[in-house]
Amino acid sequence: MKGAIEILVVGGGPAGSVAAVLLHRLGFQVRLIEASDQPRPHIGEAISLGVHRHLTNLGLGEALDRAGCRLFDEYDEQWEQAEASVRKAPPGSATIDRARFDAAFWNLCRDAGVEVHLGQQVERVVRQVSGGWNVRTVGGERHDATFLIDATGRRSLLPRARRACGPRTLALYGYWRGEGLPVRPHIAAGASCWTWGAPVDGLGFNAILFVDRHALAEHGPDVREAYTRGLAKTGLLSLLASRSNCSVVSACDASAWLDDEACGLDFIKIGEAAQSLDPLASMGVQKAIQSARSAAVIVNTLLRRPDAQSIAQAYYQDLLERSAQVHRRATAEIYARSRFAEMSFWQARCDGADAGIKMREPASLSFSSTASVNLDMSRLGEHPCLCGDYVELRPAVLAGSEREPVAFLGDATVAGIVAAVRSSATWGALRASLALTHDATTADRICAWLVHNEILYVGAPG
Ligand SMILES: Cc1cc2nc3c(=O)[nH]c(=O)nc-3n(C[C@H](O)[C@H](O)[C@H](O)COP(=O)(O)OP(=O)(O)OC[C@H]3O[C@@H](n4cnc5c(N)ncnc54)[C@H](O)[C@@H]3O)c2cc1C
């Protein structure tokens, strides 16, 4: 048996590794155990600017440098029209070899001081009557821990309480190698499927087919046959098959769901063990890192501030719920733009497309100094917020498409800002009031943020 540890993280994907480093930085003894004993292939190779930003902010940008990214300025789309058109890719769009990326994290964990054990697949987890966990691996190793983090991805380790957030979807994928393959990502719609493919350095062109979960049964047991037929339906096959060959075709679940019991007093599920997103937006890795970031603060609160445990748990579950709703609406809007949107496969995925909270274009800030100011009080209240290394109940506003509680704008508290607005009848008075405690640029930024987020309304001159 390994010596007992405070925090045991099971699963060394992006979620587990980032959580392990952050909790170690917070002063906990952390052990990470991972089933693979060497860099292993993993689906989920498209990353966005958000991944670069999060990792750089956390001082973990080296994972991207070590893995090597292939950046794209453009991609091909056959979605709204049958003909392919070249689109501009969002800045920072890239593919990475997940084997190298995830292995880079294991090294960053070790460098940071986390105990890393590779090649240990957990097969049994028992909660001790006296508190804490007893974890056993396939090879017979035993680990005792006070707190358990389930970062095992879609399979997940702890009992599930999953709720579907969309139709059941299956992904079939393979890596194509040879000549004449597309040099940029390609997304295409078919009547009852869609495909996505992109070159990944060192691996070839990864082409993925997304179909209804029951579709495989219709095609019979031949996965390869179902895969090539599906690629043919969206037109992607004709771009691949002439002078290239496909590897073994794999199948995996790609449905979106949310776990309703993602956090207890002595455990937390993070990354895809807590929430799985529709792969359409290629946000899984970013969400895994974000959830690890929040989880580190939540675990810190659970273990060091017993009086705030229920606030911390509620914060996390609420965060997952909001993120699932926003993500569902965002993907529904993309599905609704397909030229097959009337077909049943697409209808099931368009659900909720119109229910989104539309963000207004940034409002002009050139108001008369005598214009009246009013706050939307329905957006203000006491909410659990991330305050430094803890979750705390704070006066906060619900902002952004995810209605995230925000308690600070820079170093200004929302409570202070509300007091300034309440004591100011006009736009000019509000700016003067904020300028008493902040420099003029910060005061202007606070005003702009409140107006753009539709929390502060500036009316006609009083
Ligand atoms: C078809 C498909 C395409 C996708 N494409 C994208 C994309 O383009 N971009 C994107 O950002 N996301 C994509 N995703 C989602 C992305 O793959 C995941 O969101 C991301 O990998 C989640 O990270 P994680 O750390 O939570 O879990 P994982 O990356 O799955 O890591 C879990 C780790 O736990 C280990 N493990 C599992 N069980 C045990 C056990 N019992 N004991 C010990 N270790 C264990 C595994 O070996 C693994 O290393 C896609 C998903 C699917 C299904």
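One can find the structure itself at the top, above this paragraph.
Residues numbered from 1 in each chain as written. Predicted model: local features only at pLDDT ≥ 70, side-chain atom pairs only at ≥ 80, totals over all residues.

A count of helical and extended segments in the protein gives 13 helices and 28 strands. C-alpha extents for the protein along the principal axes are approximately 70 × 60 × 35 Å. For the protein, buried positions account for 41% of its 462 residues. For the protein, the proportion of contacts with a sequence separation of at least 24, taken over those separated by at least 6, is 69%. (Helix = DSSP H or I, 4+ residues; strand = E, 2+ residues; numbered from the N terminus. Buried ≥ 20, exposed ≤ 12 C-beta atoms within 10 Å, placed from the backbone. Contact = placed C-beta atoms within 7 Å.)

The next thing to look at is the nonpolar core. In terms of nonpolar packing, the biggest core is built from 96 residues, with Ile7, Leu8, Ala19, Ile149 and Ile298 touching the most fellow members. If you tally residues by element for this core, the top one is helix α8 (residues 284-304), at ten residues. Counting contributing residues per domain, this core is built from domain 1 (5-71 + 84-161 + 255-336) and domain 3 (371-461), each supplying no fewer than three. Setting aside chain neighbours within four positions, we find Ile7 in contact with Leu23, Phe28, Gln29, Val30, Ala145, Phe147, Ile149 and Val299. Core analysis: the second largest hydrophobic core is formed by 27 residues, Tyr75, Tyr173, Leu240 and Cys246 among them. (Core = buried A, V, L, I, M, F, W, Y, C linked by C-beta atoms within 7 Å. Domains from an automatic or database assignment.)

What surrounds the ligand is a group of 37 residues, the closest being Gly13, Gly44, Gly153, Gly271 and Gly284. Elements represented by at least two residues in the shell around the ligand include exactly α1 (14-25), β3 (46-47) and α8. Looking at which element gives the most residues to the shell around the ligand, the answer is α8, with four residues. Three or more residues apiece are contributed to the shell around the ligand by two domains, here domain 1 (5-71 + 84-161 + 255-336) and domain 2 (169-253). (Near = placed C-beta within 6 Å.)

Moving on: the pairing of strand β9 (residues 122-127). Both faces of the sheet carry side chains from a regular strand, because those side chains alternate between them. Looking at chain direction, β9 and strand β10 (residues 133-137) are connected through five bridges and run antiparallel. Residue Val122 lies in a different strand from β10, and its bridge partner there is Thr137. Two successive antiparallel strands, β9 and β10, enclose a turn made up of five residues, where Gly131 displays a positive phi of approximately 105°. (Pairing = 2+ DSSP bridges.)

Moving on, we get to unusual backbone geometry. If you check the backbone angles, Ser282 has positive phi at about 50° while not being a glycine. Following the sequence through the fold, Ser282 ends up in the loop between β21 (275-276) and α8.

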